[in-house]
Amino acid sequence: MTEVPTRPVPQPGLLGIAPYTAGKGSGGGANIVTKLSANENPLGPSPATIDAVKTAADTLALYPDQHHGGLREAIAEVHGLEADRIVCGAGSDELIALLCQAYCGPGMQVVHNEHGFAMYPISARAAGAEPVAAPEQDRTADVDAMLGSVEETTAMVFLANPNNPTGTMLPEVDVLRLAQGLPEHVLLVLDGAYAEYIEGFDGHARLVDRFANVVMTRTFSKIYGLGGLRVGWCYAPPEIVNVLQRVRGPFNVSAAGLAGAEAAVRDQEWVARCRAENTFWRAWMTTELRALGLKVDQSQANFILPRFGDAFQAAAAEQRLSNQGIIVRPVGSYGLSECLRISIGDEVACRRVIAVLQAFLEEAA
């Protein structure tokens, strides 16, 4: 006789998920706090985007467009894509979760690179699947290792390019080799959250056009400065779009989110300005950190990942920065305990980081 539970019981494996931890937004030790822990755009959204969101406030009593027509058309126009192959979501996080919900389940595996975005294993486990981390080479995804991790039960492979939290990037030829090497039933999800920081990069949209099992996800949370509105989108083959449109909520993106994102994607002059600022200060920070004796990979995103002598020095550096009101991201949960992920801020923020770390390292010498 089956024993009846005495309380509601969640699906197997859910309580084993370590909840996602966002970058800290505050810290003690200073009156002025500079947040460099969440890869946010220091310039914020464009003025046109802010105006669009303010206008949308007049219609908050109405449900938003469940088909996201205006936003999908704007994205398609700007990026040269087919609007009916675009699906919008409450951030790309929701789309990642929906893909796992739709294509993964118990007895299946989801492959991601060793230092891949934390939401990949979380979403896999939430769908009942088992995440598998493929080893990297020098904090960069390894195509051979990822292909070697694929088994008969593999349903999905995730790759962020550029990658979070390392900032490293695989060239297109390697991503093509990954797509070509996967069995036809395995879905390859290419996460382009930081694609806009590389001028002329399409986030591998061409691979979506070429393969029936490749999806590209994007977000408005990074270069567009809309992290607070939670808007993302994906570009996918028609069959996958059909599935996602069936499982997503009918009003999953707010009216303010739709209006703001549409204005943001049409304001490519603002995007170019933000990209140029990020490129300049990322290069400056990289040079200065290396001059201090820290090892830094070449990042293609809006953050850098300096490596300290060991986990203890990294923790001490993080504490020193926090005491000075500078909040950065420890990444021990990613297996990188000797590193700190530092978002690229404005000029004042970047110079403050270098000054504090220089004093810290000189004292430790």
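Reading the values: rules and limits
- Residues numbered from 1 in each chain as written.
- Predicted model: local features only at pLDDT ≥ 70, side-chain atom pairs only at ≥ 80, totals over all residues.
- Heavy atoms only, no water.
- Pairing = 2+ DSSP bridges.
- Helix = DSSP H or I, 4+ residues; strand = E, 2+ residues; numbered from the N terminus.
- Axes fitted to C-alpha atoms, helices over the stretch in contact; angles between N-to-C directions.
- Contact = heavy atoms within 4.5 Å.
- Core = buried A, V, L, I, M, F, W, Y, C linked by side-chain atoms within 4.5 Å.
- Buried < 20%, exposed > 50% of the residue type's maximum accessible area, 1.4 Å probe, protein only.
- Right-handed = clockwise from strand over helix to strand, strands pointing away.
- Phe/Tyr/Trp six-rings, centres within 6.5 Å; stacked < 30°, edge-to-face > 60°.
- Lys NZ or Arg CZ within 6 Å of the ring centre and 35° of its normal.

Novice: Got a sec to walk through the sheet that holds strand 3 (residues 109-113)? Specific residues and values, please.
Specialist: The seven strands lie next to each other as 2-10-9-8-7-3-4, forming an open sheet whose pairing is mixed. Edge positions in the open sheet fall to strand 2 (86-89) and strand 4 (130-134), since each of these has one partner strand only. Looking at each pair of strands side by side, their axes are set apart by 20 degrees on average, direction ignored. Bridging between strand 3 and strand 4 involves five bridges; their strand directions are parallel. Of the residues in strand 4, the one forming a bridge with Asn113 is Ala134. Strands strand 2, strand 9 (214-219) and strand 10 (232-235) of the sheet are contacted by helix 2 (residues 69-79), whose axis makes an angle of about 125 degrees with strand 2. This element, helix 4 (residues 119-126), spans strand 3, strand 4, strand 7 (154-160) and strand 8 (187-191) of the sheet and lies at about 155 degrees to strand 4.

Novice: Give a detailed account of the sheet that holds strand 16 (residues 340-343), specifying residues and quantitative values.
Specialist: Reading across the sheet, the three strands line up as 12-16-15 and stay open at both edges, with antiparallel pairing between neighbours. Both edges of this open sheet fall to strand 12 (303-304) and strand 15 (329-330), since each of them pairs with a single strand only. Of the strand pairs in this sheet, strand 12 and strand 16 are connected by two bridges, and their pairing is antiparallel. Bridging across to strand 16, Ile304 finds its partner in Ile342.

Novice: Go over the side chain of Ser123, please, and point to the residues and values.
Specialist: You can see Ser123 is positioned in helix 4. Those residues in contact with Ser123 that lie beyond four places of it in its chain are Ile96, Ala97 and Cys100.

Novice: Lay out the nonpolar core with the relevant residues and their values.
Specialist: Formed by 53 residues in total, the largest nonpolar core has its most connected members in Phe220 and Trp233. Counting residues in each nonpolar core, the second largest holds 32 residues, with Leu95, Ala129, Met156 and Ala236 among its members.

Novice: Now, about the environment of Leu176: what can you tell me, with residues and values included?
Specialist: Secondary-structure assignment places Leu176 in helix 6 (residues 172-181). On a C-alpha basis, the gap between Leu176 and Ala315 in space is 38 Å, while along the polypeptide they are 139 residues apart. Not counting residues up to four positions away in its chain, the partners in contact with Leu176 are Leu207, Arg210 and Phe211.

Novice: I'd like to hear about the pairing of strand 9, residue by residue, with values.
Specialist: Of all six residues that make up strand 9, six are buried, and the element is covered over most of its length. Here strand 9 shows no split at all, with Val214, Met216 and Arg218 on one side and Val215, Thr217 and Thr219 on the other all buried. By the bridge criterion, four bridges tie strand 8 to strand 9 in an arrangement that is parallel. Its bridge partner lying in strand 9, Leu190 is registered against Met216. Taken together, strand 8, helix 7 (residues 205-210) and strand 9 form a β-α-β motif whose crossover is right-handed. Bridge analysis of strand 9 against strand 10 gives four bridges, and the strand direction is antiparallel. Counterpart to Thr219 in the pairing with strand 10 is Gly232.

Novice: Requested: an account of the packing of aromatic side chains, with residues and values cited.
Specialist: Within this structure, the stated rule accounts for seven aromatic pairs. Aromatic pair Phe117 and Tyr120: ring centres 5.7 Å apart, planes at 90 degrees, arrangement edge-to-face. Residue classification places Phe117 among the buried residues on the basis of a relative accessible area of 11%. Taken together, the ring pairs in this structure connect Phe117, Tyr120 and Phe158 into an aromatic cluster. Positioned above the aromatic ring of Phe303 is the side chain of Arg341, whose terminal nitrogen or guanidinium carbon lies 5.7 Å from the ring centre.

Novice: Describe the environment of Val253, listing the residues and the values that go with them.
Specialist: With respect to the element layout, Val253 can be found in the loop between helix 8 (238-247) and helix 9 (255-266). The buried category is assigned to Val253, whose relative accessible area is 1%. In the structure, Val253 is positioned 131 residues away from Ile122 in sequence and 22 Å away in space, judged by C-alpha atoms. Once residues within four sequence positions are removed from consideration, Val253 is found in contact with Pro64, His68, Cys88, Gly89, Ala90, Val231 and Leu258.

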